[in-house]
Amino acid sequence: MTDLSTKHTHAPSDNGANKTDSPKSSRLPGFYKKSLTDRVAMVAKWADLSAEEQAVLLEQGLTAGQAANMIENGIGTTELPLGVACNFFINGRDYLIPMAVEEPSVLAAVSASAKLIREGGGFTATTTDPVMIGQIQLLDIPDLEVAAATIQAHKEELMAQANQCSPSIVARGGGARDIETRPFPDTPVGPMLIVHLLYDTRDAMGANAINTAVEAIAPRVAELSRGRANLRILSNLTDRRLARAVCTIPAAALATKEMSGAQVARQIAEANAFAVVDPYRAATHNKGIMNGIDAVCLATGNDWRAIEAGAHAYAARNGHYSALTDWHVDANGDLYGEIVLPLAVGVVGGATKVHPTAKVAMKILNVQSAAELAQIMACVGLAQNLAAIKAMATVGIQHGHMRMHARQVAMAAGTPDDLVETIAEQLINEENIRVERAKEILNMVREA
Ligand code: MEV
């Protein structure tokens, strides 16, 4: 497998020393308090968005007409809130990260974690080559071992045939990398030989390329095996296409009013260990990670079901469903965090280039390659996870949810958009977050 420790798209950060080298800072203090139009104006300036692109955010993204051309039986669109996560400093560069999600606290939480991680120099992220796996299922084979050896002996011929399917990917340096055989002598339908085509899809997610390639080579593979081909499809367990993000947070930065930094660091490490050993906890732990990663997938028009499938299958790769992260206290007493997961995402093809909001999101993100996008997503997953386990290991998860909950209660009381923050603030101050009380405060504000 390709070495994950070496490939990243920018120079790694050197513990904060190069923080100021970044031309633009994603630190936007008070961003959350600004009006919607001010926020869009700030992001527009940051990302050089045109008036049309700003209108996509504020007025109309995907139209019903466009949507109806994207899928069969289309009857309209459904909307999700889109926000930007601030404070991300990855491989020496600042990013504003678009995220689409309905859960109120996700963006605030991930931005707060990214700010903390910034204090330790930000994230270092890497990826393997973007190698996907296409599977061919072979049955009715007289001898599995002989078939596997014959297929291996014709590897070069098969890879050349696969490469003829997507000349543009091959021209960009991608294409077939290897052929593997995996015998299953005992299955519910008898012996089976599975052939893997390993295929580098470069900046595409690659589902079409890999499916086309395995469909093209399957007849010859079946002939070589003296058996019969059944399924020919990519695998979503893309464990040759991994992203890794790491960070170190100085213990002192974790201190709260009630707890020392060392204590918080230790309790975060304990929280991670809980998810390492217990699948019941790991499912929730990894769900929190995917809160962030899915939101970036959705914002950028990537296939979040593929990413979900890959992440959870990878989490169970050792036969025991476990945490995707490692958090531990390092030799200096600081908190070290790491995530590794498959991230088969693309920056060409699919909805990234069709969906108007995804196109604007990609412009805000300003990534040059699928590898860079995968690195960002890994960082978002790590930061999202830190936010959750830090909250649970200190004040509890409900504490941070209160402001968002108060906003939703204010909205449920019929508060107009420009007064939601004011009403929510009052509900929190009164420690009385109820719709009835929100209505009373709203009336008082209107009469004043
Ligand atoms: C909620 O959407 C996500 C959390 O449950 C994640 C976790 O427990 O780690 C808070």
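Residues numbered from 1 in each chain as written. Predicted model: local features only at pLDDT ≥ 70, side-chain atom pairs only at ≥ 80, totals over all residues. Heavy atoms only, no water.

Novice: Quick question: what am I supposed to make of the confidence of the model for the chain here?
Specialist: Detailed reading of the predicted coordinates is not advisable wherever pLDDT falls low. Confidence in the prediction of the chain, expressed as mean pLDDT, is 93, and 95% of residues score 70 or more. Of the regions scoring below 50 in pLDDT, residues 9–21 engages in 28 contacts with residues more than four places distant in sequence or in other chains. (pLDDT = per-residue confidence, 0-100. Contact = heavy atoms within 4.5 Å.)

Novice: Help me out: how do you make sense of the sheet that holds strand E4 (residues 131–139) in this one?
Specialist: Adjacent strands of a sheet pair through backbone hydrogen bonds, lying either parallel or antiparallel. With respect to topology, four strands assemble into an open sheet ordered E5-E6-E4-E7, the strand pairing being antiparallel. For this open sheet the edge positions go to strand E5 (175–184) and strand E7 (228–234), each flanked by a neighbour on one side alone. Strand-to-strand twist of the sheet, defined as the mean angle between neighbouring strand axes without regard to direction, takes the value 20°. Relative to strand E6 (residues 192–200), E4 runs antiparallel, the two sharing eight bridges. Each bridged residue has a counterpart across the sheet, and for Leu138 the counterpart in E6 is Leu193. Along the sheet, helix H8 (residues 207–225) makes contact with E4, E5, E6 and E7, crossing E4 at roughly 35°. (Pairing = 2+ DSSP bridges. Helix = DSSP H or I, 4+ residues; strand = E, 2+ residues; numbered from the N terminus. Axes fitted to C-alpha atoms, helices over the stretch in contact; angles between N-to-C directions.)

Novice: Even after reading the chapter, I still don't get empty space enclosed by the protein, so can you show me in this structure?
Specialist: Rolled over the atoms, a probe sized like a water molecule indicates the empty space that remains. Scanning all chains against the criterion turns up two cavities of 30 Å³ or more. Reported here for the largest cavity is a volume of approximately 70 Å³. Those elements giving two or more residues to the lining of the largest cavity turn out to be strand E8 (242–249) and helix H13 (370–393). In terms of residue count, the dominant contributor to the lining of the largest cavity is H13 (three residues). For the second largest cavity, the calculated volume is near 40 Å³. Taken together, Asn236, Thr238, Ala306, Ile307, Gly310, Pro342 and Ala344 make up the full set of residues lining the second largest cavity. (1 Å grid on protein atoms, 1.4 Å probe; cavity = no way out; pocket = protein on both sides within 12 Å on 5 of 7 lines; lining within 4 Å. Points joined across faces, edges and corners; volume = space filled by probe spheres on them.)

Novice: Can you help me understand the site of the ligand in this one?
Specialist: As a structural note, the neighbourhood of the ligand is formed by Glu103, Arg281, Thr284, His285, Lys287, Gly288, Asn291, Ala388, Met392 and Ile397. Here an oxygen atom of the ligand and a side-chain polar atom of Lys287 are 2.7 Å apart. For the ligand, an oxygen atom lies 2.9 Å from a polar atom in the side chain of Asn291. Bound to the protein, the ligand loses 83% of the 300 Å² it would expose on its own. For the shell around the ligand, the elements supplying multiple residues, two or more each, are helix H10 (279–299) and H13. Among the elements that make up the shell around the ligand, the one with the highest residue count is H10 (six residues). Tallied by class, the residues present in the shell around the ligand amount to three nonpolar, four polar and three charged. (Near = heavy atom within 4 Å. Polar contact = N/O pair within 3.5 Å; in protein donor to acceptor, adjacent residues only side chain to side chain. Areas by Shrake-Rupley, 256 points an atom, 1.4 Å probe, with all protein chains shown as cover. Nonpolar A, V, L, I, M, F, W, Y, C, P; charged D, E, K, R; others polar.)

Novice: Can you walk me through the packing of helix H9 (residues 261–277) against H13 in this structure?
Specialist: For any two helices packed against each other, the geometry is given by the interaxial angle and the distance between the axes. Packing of H9 against H13 leaves a shortest axis separation of 9 Å and a crossing angle of 110°. Here H9 is positioned roughly perpendicular relative to H13, judged by the angle of their axes. Judged by the twist between their axes, the crossing of H9 over H13 is right-handed. Each of Val264, Gln267, Ile268, Ala271 and Asn272 in H9 lies in contact with H13, whose residues at this interface are Asn385, Leu386, Ile389, Lys390 and Ala393. (Parallel < 35°, antiparallel > 145°, perpendicular 65-115°, else oblique. Left-handed = near helix turned anticlockwise from the far one by under 90°.)

Novice: How do you make sense of the nonpolar core when you look at a structure like this?
Specialist: Generally speaking, a soluble globular protein has its nonpolar side chains buried in company with each other. Among the nonpolar cores identified, the biggest contains 62 residues, and Phe88, Ile97 and Met99 are the most heavily contacted of them. At 12 residues, the largest contribution of residues to this core is made by H13. Among the nonpolar cores identified, the runner-up in size contains 31 residues, and Ala176, Leu197, Ala222 and Ala306 belong to it. (Core = buried A, V, L, I, M, F, W, Y, C linked by side-chain atoms within 4.5 Å. Buried < 20%, exposed > 50% of the residue type's maximum accessible area, 1.4 Å probe, protein only.)

Novice: Looking at this model, I keep getting lost on the side chain of Thr238. Mind explaining?
Specialist: Counting through the fold element by element, Thr238 comes out in the loop between E7 and E8. Once residues within four sequence positions are removed from consideration, Thr238 is found in contact with Met132, Pro342, Leu343 and Ala344.

Novice: Is there a simple way to think about the packing of helix H14 (residues 397–412) against helix H15 (residues 420–430) in this case?
Specialist: In the contact formed by H14 and H15, the axes pass within 8 Å of each other and the chain directions differ by 120°. By the angle class used here, H14 and H15 are oblique. Seen along the crossing, H14 lies across H15 with a hand that is right-handed. On H15, the residues touching Met402, Arg403, Ala406, Arg407, Val409, Ala410 and Met411 of H14 are Val420, Glu421, Ile423, Ala424, Glu425, Leu427 and Ile428.

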